[in-house]
Amino acid sequence: MELDPVLLSRIQFAFVVSFHAIFPVFTIGLASFIAFLEGLRLRTGNPLYERLSKFWIEVFAVVFGMGVVSGIVMSFQFGTNWSNFAQATANFMGPMLSYEVLTAFFLEAAFLGVLLFGRGKVPPGVFFFAALMVAVGTMISTFWILSANSWMHTPGGFEIRDGTFHIVAWSEAIFNASFPWRFLHMVMASFLTGALVVCAVSAWFLLRNREVEAHRRALSMSLWMLLFLAPAQAVVGDFHGLNTLEHQPVKVAAMEGNWERAGGVPLLLFALPDQANQTNRFEVGIPYLASLILTHELGGEVPGINETAVEEQPPVAIVFWSFRVMVAIGLLMIAFAITGLILRRGGQYWQKPWFLKGLTYMGITPFIAVLAGWITTEVGRSPWLVFGEMTQAQGVTPSLTGGMALFTLIGYVVVYAMVFTAGIYYLTRIFKAGLETEHTAIPQVERPKRPLSGSHVSFDDDQESDFRGSEQGGTPHGTL
Amino acid sequence: MGPFDLNLIWAGIIAFGIIMYVLMDGFDLGVGILFPFAPDNDARDVMMNSVAPVWDGNETWLILGGAGLLAAFPLVYSIILPALYIGVFLMLAGLIFRGVAFEFRFKAKSSRYLWDWSFAGGSSLAAFAQGAVVGSYIEGYNTVDKVFVGGPFDWLTPFTVLTGFGLMAGYALLGSTWIIMKSEGYIQRWAYRITPYLVMVVLGVFAIISLWTPFVDELVQHRWLSYFHIIGILPTLAVLCAWKIIHYVRKRQEGVPFVATMGMFVFTFLGLLVSKWPYVVPPNYTLYDAASAPESQLFLLVGLLFVVPVVVAYTAWSYWIFRGKVRVGEGYH
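Computed from a prediction, not measured in an experiment: that's the story for all the values here.

J.: Help me understand the overall build of chain A in this model?
T.: Helices and strands together make up the secondary structure of chain A, namely 15 helices and eight strands. Along the longest, intermediate and shortest principal axes, the C-alpha atoms of chain A span 70 × 50 × 45 Å. Out of the 480 residues belonging to chain A, those deemed buried represent 59%. Contacts in chain A between residues at least 24 apart in sequence constitute 79% of all its contacts with a sequence separation of at least 6. Surface summary for chain A: the accessible area is close to 18,900 Å², and the carbon and sulfur share equals 66%.

Okay, here's the thing in structure tokens:
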């Protein structure tokens, strides 16, 4: 079988970008949570918020560090595997990606050091400001990268001369048609991710009766956040979908599994899309609901996939199913948020083991939802790289052979498997160590100003016996 | 072209970024290359501690260079990266392994030896790959209509293998003179001892490359022969720096060898630039062929002028904070 460099490059990009994405998705939400905790601490003076914040800053440091490491790879992917695309779109993609990098570095240089190492060395107000700026900075970074991505879906503000995109209106290019909704949807997804991870970790500690007071508060805060965000995200997602319907109708048709343009289209709960025969093999749906959601009318018309030539259709089954995974998880989040609200009565939300256990498992779901959402939108753009302008086959590196692409794909999988297993293993150790590990103050001069070194937990087994011992002895270090 | 030439400004910025990267990541990669040869484990701790606070700041210049090239000279980005496809992967893999080793080695006890290997192997691999990039740049790229059309291993020739090992030796020299400056006692004595050998290796490779280059590149041959009286200054200064290193190592001067090594790198880099100017994708494309649209260059320049001074100031500040000697048993593990 002939190895296809386009397909392998797509898989490789999907792999490295997915791996990279899970880190910033988490840090964006977490940065705001930390800033919020620092704000509370400043206002109330309660040391409990400081302890919580310290713990989450450690987690933040490791996740941010892994984001930086995996980000190095990203800045070379366009050149190695998509050189025609890079060359054609450099006038726009170059400045956007560079601004994203510049923002991240500016942030790291100016404020991250203070957040990780400055506690007690700068006035509390300055420390809070640094936390706030890190949160804002992650958002600005997101702004640039999502603008670049949105432009590939709904390109604007350009004209093509000699096969090269030239930007004639920067504001139209940066604030392109799908950018506002995509940005909002993504930022809210990041906040949801942060909230759910905090929920899950707090619930995990509560189940073990550790630092109950602190984690109860963290759980309470993040549940309120979830209650507000999960339903709001559904609404924003709907608007994002309507925007896609306007600019990339075939993607929405694939999401709905709707082959023929029709009115009164059902919302399919289950289907096996059959691209060869341009139909679904097995359908279970709720009548009229897709029309209602997309057009806000029962009989509204929904575009069909077959309006687009077969060779310009995205792989329907992937788009259809990844969309359902995302939505299902979203609904699950709403269910947990409402359950949490009901359990507020008498403080049951932090005492019911089944609820806490459920929340612990929910910790992984936002990552799956985010990746499923990205697969929906990115695969839904296929076969286009820049929608309507440049296909993936046109954008790939001409000299790239299938063998080369396979070599690096396997290589990245192996390297990431080794390196990030270590990272995630270390993260679980920080979680296990919890708030109880009170760190001895080390003079600032001897500390490196790097993200990952913001954490103090040992990498392998030495320390574990310590807190195992304390766990058996009931609540360690007393209650607050 | 207007009152000022954006392409030239950007060429200056990129050249500045490259030499900043080479000098700064060079010594910390060099420390990694020398890692297996260190006298003992305490020495390894000191060596790693001496670069741990600054290495990731050093690597930011590489990421900035990658993104900056895409924005300002996309043709360089879209020809050289495909031409070096396998090499770029090896470099990135090396950088990832050593980067993570920095973080986890200090926190590891029983698995520490694994992180030692990860650090040394990753550093060596990355240095070799970067040296091969330099070699491939001197040899030029097989292009048709602004697209690379060569094979996956075009970049791996006897010449690029030599430049690969050459840069490894050069980085190791930066590393050893850095250790001289940052350590004391038996570790410093060890670094003093190996430095002259490294200088000889670097000079040897330097000489072979200089004799070989005119044969792989006619442009260089022509330019060297016609302007030898001007261009000849740069290698002369580089050799003078090499002599200074050995001289001051004998005198047990701590700071001068490192500065002189940086001088060697700067003069060699400048020599390469004047030999190849204005070709950024030799043998066919100049920096004017490779440039992006002026409005794009300008759009990014604004932000760059704002951020780069902050990054430079921050870098200077962290070097200032971590000035002085690193001692055994000291640090943050």
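J.: It is not clear to me how the overall build of chain B should be interpreted in this structure. Could you clarify?
T.: A count of helices and strands for chain B gives 14 helices and four strands. Overall, the C-alpha framework of chain B stretches about 55 × 40 × 40 Å when taken along its three principal axes. Looking at the 333 residues of chain B, the share that counts as buried comes to 59%. Within the structure as shown, chain B displays about 13,400 Å² of accessible surface, and the carbon and sulfur contribution to it stands at 72%. Averaging the positions of the 19 positive and the 20 negative side-chain charges in chain B gives two centres separated by 13 Å.

J.: Sorry, what's going on with the packing of helix 6 (residues 179-207) of chain A against helix 11 (residues 353-362) of chain A here?
T.: The axes of two packed helices give the description: the angle between them and the distance between them. Residue and element names in this part refer to chain A. Between helix 6 and helix 11, whose axes approach to 7 Å, the crossing angle comes to 135°. Taken together, helix 6 and helix 11 sit at an angle that is classed as oblique. Crossing geometry of helix 6 relative to helix 11 is assigned as left-handed. In this structure, helix 6 contributes Leu196, Cys199, Ala200, Ala203, Trp204, Leu206 and Leu207 to the contact, and helix 11 contributes Pro353, Leu356, Lys357, Leu359, Thr360 and Met362. In the contact of helix 6 with helix 11, the residues fall into eleven nonpolar, one polar and one charged.

J.: Explanation requested: the interface of chain A and chain B in the structure shown.
T.: In many reports, interface size means the accessible area that the parts give up when they come together. Each side of the interface is counted separately: chain A has 67 residues, and chain B has 62 residues. Together chain A and chain B conceal approximately 6,000 Å² of surface at their shared face, both sides included; 74% is due to carbon and sulfur atoms. In this assembly, chain A and chain B are joined by zero salt bridges. Between chain A and chain B we count eleven residue pairs in polar contact (both at pLDDT 80 or more) in total. Contributing elements (two or more residues each) for the side of chain A that touches chain B: helix 2 (47-81), helix 3 (83-117), strand 2 (164-167), helix 5 (170-174) and helix 14 (402-433) of chain A. Sorting elements by how many residues they give to the side of chain A that touches chain B places helix 3 of chain A first, with 19 residues. Residues belonging to the side of chain A that touches chain B are distributed by class as follows: 38 nonpolar, 21 polar and eight charged.

J.: Could you clarify how one ought to interpret the nonpolar core in this entry?
T.: Soluble globular proteins tend to bury their nonpolar side chains together. With 240 residues, the main nonpolar core has Trp56(A), Val59(A), Trp151(A) and Tyr171(B) as its most contacted residues. The leading source of residues in this core is helix 2 of chain A, at 19 residues. In contact with Tyr171(B), other than residues within four places in its own chain, are Tyr21(B), Val22(B), Gly26(B), Leu29(B), Gly30(B), Ile33(B), Ala127(B), Gln130(B) and Phe265(B). Core analysis: the second largest hydrophobic core is formed by twelve residues, Met255(A), Trp259(A), Val319(A) and Val379(A) among them.

J.: Explain the pattern of salt bridges to me, please; I cannot follow it from the model alone.
T.: Residue and element names in this part refer to chain A. Counted under the stated rule, the structure contains 18 salt bridges over all chains. Where Glu38 meets Arg119, a salt bridge forms, and the shortest distance between an N and an O atom there is 2.9 Å. Note that Glu38 is positioned in helix 1 (residues 5-44) and Arg119 in the loop between helix 3 and helix 4 (124-153), a separation of 81 residues in sequence. Note on Arg119: relative accessible area 18%, which makes it buried.

J.: Can you walk me through the pairing of strand 1 (residues 158-161) of chain A in this structure?
T.: Remark: a regular strand shows side chains that alternate across the two faces of the sheet. In the sheet, strand 1 of chain A pairs with strand 2 of chain A via four bridges, with the strands oriented antiparallel. Following the sheet pairing, Phe158(A) is matched in strand 2 of chain A by Ile167(A).

J.: Teacher, can you tell me more about the confidence of the model for chain A here?
T.: Any segment with low pLDDT has predicted coordinates that should not be analysed in fine detail. Residues and elements named next belong to chain A. When the pLDDT values of chain A are averaged, the result is 89; 91% of them are 70 or greater. Predicted confidence is poor over residues 439-449, with pLDDT under 50, and the contacts of this stretch with residues over four places away or in other chains come to 29 contacts. Long-range and interchain partners of residues 462-480, a stretch whose pLDDT sits below 50, account for 19 contacts in this model, where long-range means more than four residues apart.

J.: Help me understand the side chain of Thr195(B) in this model?
T.: All names here are of chain B. Note on placement: Thr195 falls in helix 8 (residues 185-216). Separated by 3.0 Å, the side chains of Thr195 and Ser176 make a polar contact. When near neighbours in sequence (up to four residues on either side) are disregarded, Thr195 contacts Leu173, Ser176, Thr177, Ile180, Ile245 and Val249.

J.: Hey, could you run me through a nonpolar patch on the surface in this one?
T.: Residues and elements named next belong to chain A. Residues Leu269, Phe270, Leu272, Phe282, Val284 and Ile286 make up a contiguous nonpolar surface patch of about 490 Å² in total accessible area. For the nonpolar patch, the secondary-structure elements that each account for two or more residues are strand 4 (267-274) and strand 5 (279-286). Along the chain, the position of Phe282 falls in strand 5.

J.: So what exactly am I meant to see when it comes to the environment of Phe239(A) here?
T.: Tracing the chain through its elements places Phe239(A) in helix 7 (residues 212-247). Taking C-alpha positions, Phe239(A) is 7.0 Å from Trp181(A), a pair spaced 58 residues apart along the chain.

J.: Explain the packing of aromatic side chains here, please?
T.: Aromatic rings in a pair are described by how distant their centres are and how their planes are angled relative to each other. The final tally for this structure, using the stated rule, is 51 aromatic pairs over all chains. For the pair Phe19(A) and Tyr416(A), a centre-to-centre distance of 5.2 Å together with 80° between the ring planes defines the contact as edge-to-face. Taken together, the residues Phe19(A) in helix 1 and Tyr416(A) in helix 14 connect sequence positions 397 residues apart. The burial state of Phe19(A) is the same as that of Tyr416(A); both residues are buried. A centroid spacing of 6.0 Å and a plane angle of 75° characterise the contact between Trp354(A) and Phe355(A), whose relative ring orientation is edge-to-face. Residue Phe355(A) is classed as buried on the basis of its relative accessible area, which comes to 1%. Following the ring pairs from residue to residue traces out a cluster consisting of Phe92(A), Tyr99(A), Phe143(A), Trp144(A), Trp151(A), Phe158(A), Phe165(A), Trp170(A), Phe175(A), Phe179(A), Phe183(A) and Phe299(B).

J.: Would you mind going over the environment of Ala177(A) with me for this structure?
T.: Residue and element names in this part refer to chain A. One can find Ala177 in the loop between helix 5 and helix 6. Each C-alpha atom, one on Ala177 and one on Thr154, is 5.9 Å from the other, the two residues being 23 residues apart in sequence. In this view, Ala177 contacts Thr154, Asn243 and His247; residues no more than four positions away in its chain are not counted.

Rules of the game
- Residues numbered from 1 in each chain as written.
- Chains lettered and ligands numbered in written order.
- Predicted model: local features only at pLDDT ≥ 70, side-chain atom pairs only at ≥ 80, totals over all residues.
- Heavy atoms only, no water.
- Helix = DSSP H or I, 4+ residues; strand = E, 2+ residues; numbered from the N terminus.
- Buried < 20%, exposed > 50% of the residue type's maximum accessible area, 1.4 Å probe, protein only.
- Contact = heavy atoms within 4.5 Å.
- Areas by Shrake-Rupley, 256 points an atom, 1.4 Å probe, with all protein chains shown as cover.
- Lys, Arg positive; Asp, Glu negative; His and termini not counted.
- Charge placed at Lys NZ, Arg CZ, Asp CG, Glu CD.
- Axes fitted to C-alpha atoms, helices over the stretch in contact; angles between N-to-C directions.
- Parallel < 35°, antiparallel > 145°, perpendicular 65-115°, else oblique.
- Left-handed = near helix turned anticlockwise from the far one by under 90°.
- Nonpolar A, V, L, I, M, F, W, Y, C, P; charged D, E, K, R; others polar.
- Buried area = accessible area lost by both parts, 1.4 Å probe.
- Salt bridge = Lys/Arg side-chain N within 4 Å of Asp/Glu carboxyl O.
- Polar contact = N/O pair within 3.5 Å; in protein donor to acceptor, adjacent residues only side chain to side chain.
- Core = buried A, V, L, I, M, F, W, Y, C linked by side-chain atoms within 4.5 Å.
- Pairing = 2+ DSSP bridges.
- pLDDT = per-residue confidence, 0-100.
- Patch = residues over 30% accessible without salt bridge, like charges linked within 9 Å, V, L, I, M, F, W, Y side chains within 5 Å.
- Phe/Tyr/Trp six-rings, centres within 6.5 Å; stacked < 30°, edge-to-face > 60°.

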